Structures are given as C-alpha cells and as structure tokens.
Amino acid sequence: MSVELIKDSLNIDEIKGREEVQTLAEAEIYLEQTKPDIDKILWAQGKPEIISTKIVKDKLLISGVVNFKVVYKSTEDSSSIQQVETTSDFREEIDIEGINKEMVGKGKVNIEHIEHEKEDERKISLRALVNIEGKVESSSSIEIVKDIKGGEGLETLKEKVRYNHLLGEGYTHTLIHEAFEVDDGMPDIDEVLKFDLMAYENESKVVDDKIIVSGTLECSLVYYGGKKINSIKKEISFNHFVDIEGAIKDSESQVKMDIEFANYEIKENLEGNLRILDLEIKVKIDGKVYEQREKEIILDAYSTKKEIDLERKNIEVVENVKGLQNKEIIEGNIAHSYFKEVYSIEGSSTILDSRIVEDKLILEGLIILNIIYLDSDSEEINTLREEIPFKTYVESEGIDETMAPEVESMVEDIDYKINDNKLILKVHLNNLIELNRRKNINIILNLEEKEEYIDKSRRPSITIYIVQSGDSLWNIAKRYNTTVDDIISSNDISSPDTLMPGEKIIIEKNVDMNF
C-alpha cells in the first residue's frame, strides 16, 4: 500500500531577534545675529526620530536624527527667555544573527541623558545619549505533515502545537484637529518653549475586517507669558478604526500608535488676546489581528515491517500562551530638591528583569523622569533627572515557569503635587505582556517507504532492555521495530509517560511472515 502524506501549513509571525545599543549624538549651536547673548541655559530637550531601517545579512541598520531645542535666559533682560534649535544625525549597525532582507526591521529610540554646556555667550555644545532598540520580525508559512495514510505497519508520533495564526495586519492615519484656550487666571501666550505629545490606546475591539480603537492624546505645553514660565496639560480623546481584511470578531489584536507630525498655531480669542492653541496632529495606528489555533503535527514515524526514509527539518515554533495587560500606579516622592513650581515632567519606563516564579510573573524596572522646575530657595529654573525603581507582581491563571515573557512598558500619565517643597508622584504604568513558549521541533517534510522488509529473524525471542536517562517508550519501540502498545502489554505498564532509569523492559519479537 503506497504512502500518502496529508499536509497542512502553519502561518507563523515571530520575533527573530531583539537587541539594544547606545549611541552618542553631538551638536553645536552658534547663535544667529538676531539672538541676544546667553546668560544661563535653562534646559535642553532632545527628540529622537528614526528616518530609516534596513536589513542586510545579520545586521539591522538604523538611521535617525535628534532634534535639539535649548531654552535660555538672555543677558539683555533678566526676564527674557529665548530658544534655539539644531539637529544631529546618528546611524547604528545592530548585530542580530540569522536575519535577512526578507524580514521586517523596526526600531525604537529614546534619549537617556542630555548634557549641555555654555561654551561662551554665543555658543552651546550638546551631547545626547540615545538608546536604540532594534527588533526584527518574520512572517512565514511552514508546510507540515498532519497525517499519513497507507504504508505497512506504520507508527506515527503526533504532538499538538498551539500558535498565534496571523489573520491580517494593516495601518491607518487619523488627523486630529483640536483647539483649546488657556485657563482663566493664566497669562497670554508670548512664546511656546516646550510642546510634548503622547498617544496611547485606551481600548480596542475587533469586529469583522476591522479593529475599532479608542485612544487619548496627552498634550503638555510650557510657554512664556506674563514675564514668567507657565505650564498646562490637556487630554484629547479620539476614536478611529483600522481596516484589516480577514479579521474575525472578538479575536486577539495588537495596536501601536505613533505621532507622525504635530503642528500648532497660537491664535487670538474673541477679545484679541493670544490664548488659544490650535493643534493639528497626525497619528499612525498599526494593527495586527491574531487567532490562537491548535494543530496536530506528526513529529516522527517508523515502520514495524518495512524500511523507510525520512526527510526532516528543524524549526522553531513560538506558542503564544496568552497576552496580558497590567496597569500599575507607582508612587514615589522626591525630597532632595526644593520645588516651588513644576513646569514639565517627562517619563519613560524600562524593564530590567522579568521572570516567572511559581504562578506569578515578576517585573522589575526603572521609571526615568526628567523634571523642569522652579527652585523655591534660589528662585532659579533647574532640571532634574530622577530614577524610581519598581517591582510588580502579575498573577494570572495558567502561568508557569515554562513560559518566556516579553514585556513592553509605557508611562501613560504622571500625577503630581507639591507638599512642603517636596514632589509627590503617582506614575501610571501600562505593561503589555506576551507569554510564549518556544519549541524546537524536527518536522517531517517527506516520507518514502522502501520495498525491502525489516529482517527480525536473527533477533532473540525476548530482549531485556535497561532504561537509560531520557528514554521514552516511543524511542524504545522505534529502535526495536515494535509498537508502544506491545511494550505496554508485555510489561503491564500503568504509567507509560514515566520511565525510571535502570528499569527493565521486556521486548518480544514479532516475526513478519511476509519476510
């Protein structure tokens, strides 16, 4: 009877590699003739941006730019605040073994630290330490054997594999136009000194062929007006959708948001005062939709009667067990400075260690804060970089130590108040967690049954086999061209999955009369 292989495919979306590197971006600013001399630098800000990513063999090339802005107090007038800008390019090669140009490379950048120095009244030097995370993803379809029909005395070893089946992916843009007026009691806007935006997802829901997304834009503004520095923060809610052909209602989704550009204009209100900030913001929304599936794969085969040839291939399958979202509020206080007023707090978070102990996921990380504030003693504007360590325990049914966590941590909001010159903080963290199992499996590509029968005539009627470490009934049965059921029957084995090294197994010879 000829052998027929029943084949299927696994559509796998997996991370092929992830590495972090650091680079130094440096720049110098020479003041234009129209700008007054520098008395004191108040703060320096850097916004990194990735311009391009490219994959060559075993390398991810990331190019970008850091947009610097420096705010300073001039010598002409003690209350005059000025700002200047410049840019600096960076390019890094990240080594990730096994990647190629058919894969998709992505990058993420942030500024860890900025140093600024007033060289003289007309020159500023800048140095920024840039953290770059490179990630390479691959989507592939792998052909597997799910069943074998025909063949004489054919035995097969099957295993169920659970994986995330990519139903579809896509992206869209939403243009948000919003205007708001500064609150009563605050001065008019003379000049915008610092403008920051952050977009994050509140909720997403998958319907047929779409992801419906609810998000928030957090807008922070530091401006000069009324001969002093002022700050305001506003939240803008929005809803949008991503078209994804093949998306199935209530399946799993992954959404990421990036601000592609933001324009603002200061406008007059009805009384003719510059108090309105008119915003136009373009947000890119990327979406992927998954469905968790389970397929049975034939991992091995042999015949108790005929010789066979197997063609095999080793692959890695990532079993996505579950996705979790963990929202935490991390509290802290800063008491070694004297805060009269806080103008701006920028925050980011990084995971230093993630591990599973028993049924809990333990996350340890750092919240990094960059604070611009008015010192209550000196009445000077200062900057402060502060790190707050945190440790979080995540509990969920089914977590065990065979899983490998992948965590992306984000700061979504920072609440603060000043109490007795101390800064009291509540940092809202959003930890996106994927729990995976990685399996290396040796799949069958092809099987050919030969014409010749296996010669068992010279074997003894009974063989006593002593179990070795790592043995299984399948491996023993395959070695002696018998079946697992025959070994269980001959030895009255009650726990087939548990073999003890040193245990004796009786193997009876079954002679094929066709030989």
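First, a word on what this report is: a plain description of the structure on this page. (Residues numbered from 1 in each chain as written. Predicted model: local features only at pLDDT ≥ 70, side-chain atom pairs only at ≥ 80, totals over all residues. Heavy atoms only, no water.)

### Quick notes on the pairing of strand S6 (residues 123-149)
Short version of the rule: Pairing between two strands requires that DSSP report at least two bridges joining them. Secondary structure elements are taken from DSSP: a helix is a run of H or I of four residues or more, a strand is a run of E of two residues or more, and numbering for both begins at the N terminus.
Where strand S5 (residues 104-120) lies against S6, 15 bridges are found, and the strand directions are antiparallel. Directly across from His116, in S6, lies its bridge partner Leu126. Adjacent in sequence and paired antiparallel, S5 and S6 are bridged by two residues.

### Some remarks on the sheet that holds strand S14 (residues 339-357)
As a reminder of what qualifies: Lines are fitted to the C-alpha atoms to define the axes, a helix being fitted only along its stretch in contact, and any angle between axes, read from their N-to-C directions, falls within 0 to 180 degrees.
Judged by pairing direction, the sheet is antiparallel, and its three strands sit side by side in the order S14-S15-S16 without closing on themselves. The sheet terminates laterally at S14 and strand S16 (381-395), the two strands that pair on one side only. Geometrically, the sheet is characterised by an average inter-axis angle of 15° between neighbouring strands, direction not taken into account. Of the strand pairs in this sheet, strand S15 (residues 360-375) and S16 are connected by 15 bridges, and their pairing is antiparallel. Residue Leu366 lies in a different strand from S16, and its bridge partner there is Pro389.

### Some words on the sheet that holds strand S9 (residues 210-225)
What the three strands build is an open sheet, ordered S8-S9-S10; its pairing is antiparallel. Bordering the open sheet on either side are strand S8 (191-207) and strand S10 (228-243), each of which pairs with just one other strand. Strand-to-strand twist in this sheet, taken as the mean axis angle between neighbours without regard to direction, amounts to 15°. Strand direction decides the pairing type here: S8 and S9, joined by 15 bridges, are antiparallel. Residue pairing for S9: Asp196 is matched across the bridge by Ser220.

### Quick notes on the environment of Gly153
We apply this condition: We call two residues contacting when some pair of their heavy atoms lies within 4.5 Å.
Topologically, Gly153 is positioned in the loop between S6 and strand S7 (154-181). Between the C-alpha atom of Gly153 and that of Leu167, which follows or precedes it by 14 residues, the distance is 39 Å. Excluding residues that lie within four positions of it along the chain, Gly153 makes contacts with Tyr302, Ser303, Thr304 and Lys305.

### Notes on the side chain of Ser251
Heads up, the rule is: Think of it in three bands: with a 1.4 Å probe and only protein chains considered, a residue is buried below 20% of the maximum accessible area for its type, exposed above 50%, and partly exposed in between. Two N or O atoms count as a polar contact when they lie within 3.5 Å, although within protein this holds only if one can serve as hydrogen donor and the other as acceptor, and sequence-adjacent residues are included solely when both atoms are side-chain atoms.
Here Ser251 shows up in the loop between S10 and strand S11 (252-268). The exposure class assigned to Ser251 is buried, which follows from its relative accessible area of 14%. Reaching out from Ser251, the side chain makes a polar contact with the backbone oxygen of Ile248 at a distance of 2.6 Å. Ser251 has contacts with Leu167, Val206, Val289 and Tyr290, leaving out every residue within four places of it along the chain.

### Some details on the pairing of strand S2 (residues 38-56)
In regular strands, side chains alternate between the two faces of the sheet. Relative to strand S3 (residues 59-74), S2 is paired through 16 bridges, and the arrangement is antiparallel. Bridge pairing links Trp43 to Val71 in S3. If you look at the hairpin formed by S2 and S3, you'll find two residues sitting between the two strands, and Asp58 has a positive phi there, around 65°.

### Let's talk about a negative patch on the surface
Condition: Patch definition: residues above 30% relative accessible area lacking any salt bridge, with like charges linked at up to 9 Å and the nonpolar side chains Val, Leu, Ile, Met, Phe, Trp and Tyr linked at up to 5 Å. Per-residue accessibility takes into account occlusion by the displayed protein chains alone, with areas from the Shrake-Rupley method and a 1.4 Å probe. Any Lys or Arg side-chain nitrogen found within 4 Å of a carboxyl oxygen on Asp or Glu counts as a salt bridge. In this charge count, Lys and Arg are treated as positive and Asp and Glu as negative; neither His nor the chain ends contribute. One atom stands in for each charge, and that atom is NZ of Lys, CZ of Arg, CG of Asp or CD of Glu.
Among the surface-exposed residues, Glu117, Glu119, Asp120 and Glu121 lie close enough to one another that they form a single negatively charged patch. Among the secondary structure elements, Glu119 is positioned in strand S5. According to the relative accessible area criterion, Glu119 is partly exposed, its value standing at 39%.

### Examining the pattern of salt bridges
Going through the model one piece at a time under the given rule, you end up with 43 salt bridges. As a salt-bridge pair, Lys267 and Asp278 come within 2.7 Å of each other at their nearest N and O atoms. Pair noted here: Lys267 is in strand S11 and Asp278 is in strand S12 (residues 274-303), with a separation of eleven residues, a long-range link. Classification of Lys267 by relative accessible area gives partly exposed; the value is 33%. Judged by relative accessible area, which is 12%, Asp278 ranks as buried. One salt-bridge network, in which partners are shared between bridges, spans Lys47, Lys194, Asp196 and Glu346.

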